[in-house]
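# Notes for the structure review
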Amino acid sequence: MLFNSLAFLYFISSLVILGFISPAKWMRQLLLAASLFFYTYWYPPYVILLLLSVWVDYFACIKIEDDSKNKKAWLLFAVITNMVILFGFKYVHFAASIFGLHQLDSIHWALPLGISFFTFQTMACSIDVFRAEVKAKRNFADFLYYICFFPQLIAGPILRLKDDWDHLMQAQKPNLSRINQGLYLIFWGLVKKMLIADNLAALVEKTFNEPSAIENPVIAWLGVYAFAIQIYCDFSGYVDSAVGIGKIFAIELPANFNFPYMASSITDFWRRWHITLSSWLKDYLYIPLGGNRSGQIRTYINLMLTMLLGGLWHGANWTFVVWGALHGSYLALERVVSPLGSKLVMTLLTFHLTCLAWIFFRAQDFITAKNYLLKLSDFQNYDFKLDDFSLQMIYLMLAAWAIHYANYKFDIKNKISGWRLEFRLAFLVLACLLIVLFGVKQEVRFIYFDF
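Here's a quick rundown of the structure. (Residues numbered from 1 in each chain as written. Predicted model: local features only at pLDDT ≥ 70, side-chain atom pairs only at ≥ 80, totals over all residues. Heavy atoms only, no water.)

### A short note on the overall build of the protein chain
The condition is simple: Each helix is a run of H or I in the DSSP string that is no shorter than four residues. Each strand is a run of E no shorter than two, and both are numbered from the N terminus. As a reference, a globule follows 2.2 Å times the number of residues to the power 0.38, and the radius of gyration itself is taken over C-alpha atoms. Contact between two residues is taken to exist if any of their heavy atoms lie within 4.5 Å; hydrogens are not considered.
Helix and strand counts for the protein chain stand at 19 helices and zero strands. Since a compact globule built from 451 residues should have a radius of gyration of about 22 Å, the 23 Å found for the protein chain is in line with a globular shape. Across its three principal directions, the C-alpha atoms of the protein chain cover 70 × 60 × 50 Å. Within the protein chain, residue pairs in contact and separated by at least 24 positions form 77% of the contacts whose partners lie at least 6 positions apart.

### Some remarks on the side chain of Thr276
With respect to the helices and strands, Thr276 occurs in helix H12 (residues 275–289). The residues touching Thr276, leaving out its near neighbours within four places in the chain, are Pro157, Ile158, Pro254, Ala255 and Asn256.

### Some thoughts on the side chain of Thr368
Stated formally: Each residue is placed in one exposure class: buried if its accessible area under a 1.4 Å probe, protein chains only, is under 20% of its type's maximum, exposed if it is over 50%, and partly exposed if it falls in between.
Counting through the fold element by element, Thr368 comes out in helix H16 (residues 366–376). Taking the relative accessible area as the measure of exposure, Thr368 reaches 13% and is therefore buried. Excluding residues that lie within four positions of it along the chain, Thr368 makes contacts with Phe208, Pro211 and Ala363.

### Here's the deal with the packing of helix H9 (residues 176–209) against helix H10 (residues 217–248)
Going by this rule: Angles here are taken between N-to-C directions and fall from 0 to 180 degrees, while the axes themselves are lines fitted to C-alpha atoms, restricted in helices to the stretch in contact. In what follows, roughly perpendicular refers to angles from 65 to 115 degrees, roughly parallel to angles under 35, roughly antiparallel to angles over 145, and oblique to any angle outside these ranges. By definition, any crossing whose near helix is turned counterclockwise from its far helix by less than a right angle is left-handed, and any crossing with a clockwise turn is right-handed. Polarity classes work like this: nonpolar for Ala, Val, Leu, Ile, Met, Phe, Trp, Tyr, Cys and Pro, charged for Asp, Glu, Lys and Arg, and polar for all others, with Gly in that last group.
Taken N-terminus to C-terminus, the directions of H9 and H10 make an angle of 160°; their axes are 7 Å apart at the nearest point. Taken together, the axes of H9 and H10 are roughly antiparallel relative to one another. In this structure, H9 crosses over H10, and the sense of that crossing is left-handed. For the contact of H9 with H10, the residue count by class is 20 nonpolar, 10 polar and seven charged.

### Quick look at the packing of aromatic side chains
In plain terms, the rule: Pairing of aromatic rings covers Phe, Tyr and Trp, the last through its six-membered ring, and needs centres within 6.5 Å; plane angles under 30 degrees mean stacked, over 60 mean edge-to-face, and all others mean tilted. Only when the NZ atom of a Lys or the CZ atom of an Arg is both within 6 Å of the ring centre and within 35 degrees of the ring normal do we say a charge sits over the ring.
Under the defined criterion, the tally for this structure stands at 63 aromatic pairs. A ring pair is formed by Phe37 and Tyr41, whose centres lie 6.2 Å apart and whose planes are at 55°; its orientation type is tilted. Of this pair, Phe37 and Tyr41 both sit in helix H2 (residues 27–42), four residues apart, which is roughly one turn of the helix. With centroids separated by 5.9 Å and ring planes inclined at 85°, the aromatic side chains of Phe227 and Trp358 adopt a geometry described as edge-to-face. With Phe227 in helix H10 and Trp358 in helix H15 (residues 343–362), this residue pair connects regions lying 131 residues apart in the sequence. When the ring centre of Phe130 is taken as origin, the NZ or CZ atom of Lys71, which lies over that ring, is 5.0 Å away.

### Quick word on the pattern of salt bridges
Heads up, the rule is: Salt bridges are identified by distance alone: a Lys or Arg side-chain nitrogen within 4 Å of an Asp or Glu carboxyl oxygen.
Within the structure shown, the criterion is met by 12 salt bridges. The salt bridge partner of Lys193 is Asp198, with a shortest N-O separation of 2.9 Å. The pair Lys193 / Asp198 is uniform in exposure class, with both members buried.

### Description of helix H13 (residues 296–314)
To be explicit about the condition: In this analysis, the expected span of each helix is defined as 1.5 Å times one less than the number of residues it contains. Here the arc refers to the set of directions running from the helix axis out to each C-beta atom.
Between its first and last C-alpha atoms H13 spans 27 Å; for 19 residues at 1.5 Å apiece the expected length is 27 Å, and the two agree. Every buried residue of H13 is listed here: Thr299, Tyr300, Asn302, Leu303, Thr306, Met307, Gly310, Gly311, Trp313 and His314. For H13, the angular spread of the buried residues around the axis is 165°, confining them to a single face.

### A few points about the layout of surface pockets
Rules: In this analysis, the protein atoms alone were mapped onto a 1 Å grid. Cavities are point sets where a 1.4 Å probe fits without being able to get out; pockets are open sets with protein on both sides within 12 Å along at least five of seven lines; lining residues have an atom within 4 Å of a point. Grid points are joined across faces, edges and corners, and a volume is the space filled by probe spheres set on the points.
Its boundaries defined by the atoms lining it, the largest pocket holds a volume of some 690 Å³. In this structure, the largest pocket is lined by 31 residues; those nearest its centre are Phe320, Gln364, Ile447, Asp450 and Phe451. Of all the secondary-structure elements, those providing two or more residues to the lining of the largest pocket are helix H4 (71–99), H9, H10, helix H14 (318–334) and H15. When the residues that make up the lining of the largest pocket are grouped by side-chain class, the tally is 16 nonpolar, seven polar and eight charged.

### Quick look at the nonpolar core
What counts, and what does not: For our purposes a nonpolar core is just a set of buried Ala, Val, Leu, Ile, Met, Phe, Trp, Tyr and Cys residues, chained together by side-chain atoms within 4.5 Å.
Trp273, Trp358 and Tyr448 are the most contacted members of the largest nonpolar core, which has 143 residues in total. Those residues in contact with Tyr448 that lie beyond four places of it in its chain are Phe117, Ile154, Ala155, Ile231, Asp234, Phe235, Trp273, His274, Trp313, His314 and Phe361.

Function cannot be inferred from these measures alone, as they are strictly geometric.
What follows is the structure in structure tokens.
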């Protein structure tokens, strides 16, 4: 069930109405039931997999806390079980191609929605209890609700027990004020998704399908920029809508983006892009590997391993591994090379390095990525005379940058809540009008639903 679908409109409307008429003490139970329905709506059998993943870490957390003598064994039980589930559904064919196990090619099943997200979230619970940073949660229904809260279940943000448990446990009945706050964030996200990202998607598809057939390298560059904006508007649009849904029920979900294309270094980029995944990789992988505590060479190795696994987390394809390796190399290089110029120069350089890495993220295979890179560097055929296809990309990207920069400069998204009622209503009407007139009408999946 997509946020940009009629089915979701009926679902969230029904949930808000039920929230109004239900007793306040039933809010968590109502949201849990809605969350399980939300996940079951996609493919009912996989809700069993979700429940299994949650139960493993619920059980492991309690055993880790109660059985201190064997707590390492219980942690291993939780981590290995989660990794087996994730590997079995997401990486089995990838591993089979590496080791030549062609007998596994006959295994075909759909990738469970959000498996990478909820696996990381459940596994973090066991690790945090093992580290004695939080107490084990003894109420299974509450623990299940914490993991399965539907706005963030499929594509994050990835929650942490020590930071987000209390927020979810304090769910409240919707009221007009919170509905108003939530709606403008939902529509802010849908404008980015349906108006910018989905319109760019068709154009990006054309440039990446056959890059060798692109005669003008300028179009190839526009395609890279367009994908950078598409994936940002698509993913951050999802998160904005998720945060807005949470606000309706007085639940504060963590921010996952902080103007990433304004970053002045790759290190800064990862503090701004997919923040909850970045912090997860840092706290549960980079620091346990040794972080920067064991000299420069070991630091570079730890950075590379972290980003390689971060790339692989996104998908079972060597292109994602290369994407992670590029970012690992960037992060290591930044520790050696001093800034090359002013903040503006570094921001532009960071953006272009990020865009070059996005080529491997977007390309289906190495041949496509290689052809795209060759086309970008085909300097002899540059032609700055733009056709309608190129101009369409430019107009959409300018609209996206205008929204991005205006919000960066004036914090529009957060200031809307302080506007007078008539101005907030005008914004909602304008957002609806733009989506109806210019938005993509068909239900286009969010990019991160594939991870």
